[in-house]
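The chain contents come next:
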Amino acid sequence: MPPSTAAEAAPRTSVNNLTAPSSAAKSAVSGSDFTYSLPDLVCFAHLHWDFVWQRPQHLLSRFAQHGRVFYVEEPFLHHDQTEESFAHFEVKERQNGVKVLVAHLPVGLSEEQSDALQAKLLTAYFAENNISKYLFWYYTPMALSKSRHLHPVLTVYDCMDELAAFKFAPPKLRELEQELFQKADLVFTGGQSLYEAKSLQHHDAHAFPSSIDKDHFGQARTKLAEPADQAGIAHPRVGFFGVVDERLDIALLGELAAAHPEWQFVIIGPVVKIDPADLPRTANIHYLGGKEYKELPAYLCGWDVATLLFADNESTKFISPTKTPEYLAAGKPVVSTPIRDVVRPYGELNLVQIASTADEFGQAIGTALHQTQDTNWRTRTDEYLATISWDLTWQRMVELMQQRLKAKA
């Protein structure tokens, strides 16, 4: 997910899509010898907690089962306020007691003034809530400008994307990332390709590719009630869910829809950073908008093939799509463009079909429409999925963090 600028009142209230279920995910920690001993966790993120349920929410909701977690979002700007004295934190409680902190600021501040005000708010909030021993967990290097004056006992950079390659990325993001590498005790990456790049810049980097909540998406293998806005769409259905932004290959989507009017393309997700008018519009493309996380299995249940329609550009060079194992856990055949972290391992294991051109993609979809009858493919897929989970990812991260804290002490 790309970095965002400071939120403004009107648009921010309209993007509460693909959110998590109200009930907290349960963390089934494997191994009876596992212990949890970490201080308060303060996360700095470029993503609003209520926007899409993905890597940060999966991991931090698990941390919150064992200790206090504070999730610091980007600020919310008010056009009807100009006085700096207006600045304050809004605190929202989310899954497992995660505290989401949103700085409300007056409009018209310079970047330096905004950072200084947020730093002041953080200092006061830490004092008021007895946050004295804490670790920092960064998703964006841009947060250094409001947090570098504080003194965590451990600093983790969970680099889930190459943010500097995304559309509208702040010019100084690369510079701040170098500063964060200097401060970080540990660097986690959201995929193997990203690890290969970041491990050259930090001595203690670890690859943690996108994982899976198998039970949640496995519901799609049962007979679920058809969502009303999908029920009237004919079969075969070819689906995609995720944020619709510059990473989606809209040209490929348009070509496929034109070449195969017999297929129905279902696109689920909010449109961000691109003009909706630029999206291909044909009778067999159905844009259903953003859906809540808990709704996704019901939509997937009604698809015949799932796709990863990603473009080949700078913003997709290092992505490791979480939806790859989610689609597979739902029991759906998957066709993807040649994203490196999909090719490795899913393409190489012949679990996902890889196609570069519209013609190849169309042929692959044609093959995938019959793949659910392939018991060997399903068996191999389930054997691979059995080796990954968010619980295992989280546990390994905790173990590394506890080891580094012990070494520092």
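Residues numbered from 1 in each chain as written. Predicted model: local features only at pLDDT ≥ 70, side-chain atom pairs only at ≥ 80, totals over all residues. Heavy atoms only, no water.

A.B. asks: Tell me what's going on with the environment of aspartate 115, and back it up with residues and numbers.
C.D. replies: As for its position among the elements, aspartate 115 is in helix α3 (residues 111-128). A sequence separation of 28 residues divides aspartate 115 from alanine 143, and the C-alpha atoms of the two residues are 8.6 Å apart. Apart from the residues lying within four places of it in its own chain, the contact partners of aspartate 115 are Ser145 and Lys146. (Helix = DSSP H or I, 4+ residues; strand = E, 2+ residues; numbered from the N terminus. Contact = heavy atoms within 4.5 Å.)

A.B. asks: I'd like a description of the pairing of strand β14 (residues 305-308), backed by residues and values.
C.D. replies: Burial along β14 is two-sided: the residues Val305 and Thr307 and Ala306 and Leu308 are all buried. Sheet topology places β14 next to strand β15 (residues 334-336); 3 bridges connect them, and they run parallel. Residue pairing across strands places threonine 307 opposite valine 335, the latter belonging to β15. Handedness of the β14-helix α11 (residues 323-329)-β15 crossover: right-handed. (Buried < 20%, exposed > 50% of the residue type's maximum accessible area, 1.4 Å probe, protein only. Pairing = 2+ DSSP bridges. Right-handed = clockwise from strand over helix to strand, strands pointing away.)

A.B. asks: Can you explain empty space enclosed by the protein? Please cite residues and give values.
C.D. replies: Within this structure, the stated rule accounts for 1 cavity of 30 Å³ or more. Of the pockets and cavities examined, the largest cavity occupies roughly 450 Å³. As for the largest cavity, its lining consists of 25 residues, and the residues nearest its centre are Gln54, Arg247, Pro321, Thr322 and Lys323. Residues belonging to the lining of the largest cavity are distributed by class as follows: 14 nonpolar, 6 polar and 5 charged. (1 Å grid on protein atoms, 1.4 Å probe; cavity = no way out; pocket = protein on both sides within 12 Å on 5 of 7 lines; lining within 4 Å. Points joined across faces, edges and corners; volume = space filled by probe spheres on them. Nonpolar A, V, L, I, M, F, W, Y, C, P; charged D, E, K, R; others polar.)

A.B. asks: Residues and numbers for helix α2 (residues 55-63), please.
C.D. replies: Burial analysis of α2 places 9 of its 9 residues in the buried class, the great majority of the element. All of the buried residues in α2 are Arg55, Pro56, Gln57, His58, Leu59, Leu60, Ser61, Arg62 and Phe63.

A.B. asks: So what's going on with the sheet that holds β15? Which residues, and what values?
C.D. replies: Judged by pairing direction, the sheet is parallel, and its 6 strands sit side by side in the order β13-β12-β11-β14-β15-β16 without closing on themselves. Edge strands, defined here as strands with exactly one partner in the open sheet, are β13 (285-289) and β16 (353-354). Bridging between β15 and β16 involves 2 bridges; their strand directions are parallel. Of the residues in β16, the one forming a bridge with valine 335 is glutamine 353. The sheet strands contacting helix α13 (residues 358-368) are β11 (237-241), β12 (264-268), β14, β15 and β16, and the helix crosses β15 at an angle near 170°. (Axes fitted to C-alpha atoms, helices over the stretch in contact; angles between N-to-C directions.)

A.B. asks: Tell me what's going on with the pattern of salt bridges, and back it up with residues and numbers.
C.D. replies: In a structure, side chains of opposite charge can pair up when their charged atoms sit close to one another. Within this structure, the stated rule accounts for 19 salt bridges. Note that arginine 148 is salt-bridged to glutamate 179, the shortest N-O span being 2.9 Å. Of this pair, arginine 148 sits in the loop between α4 (144-147) and β8 (154-159) while glutamate 179 sits in helix α5 (residues 173-183); the two residues are 31 residues apart in sequence, bridging distant segments of the chain. Given the relative accessible area of 38%, arginine 148 is considered partly exposed. In this structure glutamate 179 comes out as partly exposed when scored by relative accessible area, which is 24%. Here glutamate 177 ties to lysine 198 by a salt bridge, and the two come within 3.1 Å at their closest N and O atoms. Residue glutamate 177 is located in helix α5, and its partner lysine 198 is located in helix α6 (residues 192-198); the two are separated by 21 residues in the primary sequence. Residue glutamate 177 shares its accessibility class with lysine 198, and that shared class is buried. Shared partners join several salt bridges into a network, and the residues in it are Asp50, Lys92 and Arg94. (Salt bridge = Lys/Arg side-chain N within 4 Å of Asp/Glu carboxyl O.)

A.B. asks: Go over the nonpolar core, please, and point to the residues and values.
C.D. replies: Ranked by internal contacts, the top residues of the largest apolar core, which has 88 residues, are Phe63, Trp137 and Met401. Among the elements that take part in this core, helix α15 (residues 390-408) stands out by supplying 7 residues, more than any other. Setting aside anything within four residues of it in sequence, one finds methionine 401 in contact with Leu38, Phe63, Leu135, Trp137, Leu154, Val156, Leu186 and Phe188. One finds Leu105, Ile131, Tyr157 and Phe318 within the second-largest nonpolar core, a separate group that totals 32 residues. (Core = buried A, V, L, I, M, F, W, Y, C linked by side-chain atoms within 4.5 Å.)

A.B. asks: Go over the environment of histidine 370 with me, naming the residues and quoting the values.
C.D. replies: Take histidine 370: it is sitting in the loop between α13 and α14 (375-385). Among the residues examined, histidine 370 registers a relative accessible area of 54% and is labelled exposed. Once the C-alpha coordinates of histidine 370 and proline 345 are considered, the two residues, 25 residues apart in sequence, prove to be 22 Å apart.

A.B. asks: Could you give an account of the packing of aromatic side chains, naming the residues involved and the relevant values?
C.D. replies: Aromatic rings considered in pairs are described by the distance between their centres and by the relative angle of their planes. Enumeration according to the criterion identifies 27 aromatic pairs in this entry. Ring geometry for phenylalanine 44 and phenylalanine 136: centres 4.9 Å apart, planes at 90°, overall edge-to-face. Of this pair, phenylalanine 44 sits in strand β2 (residues 40-44) while phenylalanine 136 sits in strand β7 (residues 134-138), and the two are 92 residues apart along the sequence. By relative accessible area, which is 1% here, phenylalanine 136 ends up buried. Through pairs of rings, three or more aromatic residues link up here, namely Phe34, Tyr36, Phe63, Trp137, Tyr139, Phe188, Phe208 and Trp394. (Phe/Tyr/Trp six-rings, centres within 6.5 Å; stacked < 30°, edge-to-face > 60°.)

None of this, on its own, says anything about what the molecule does.
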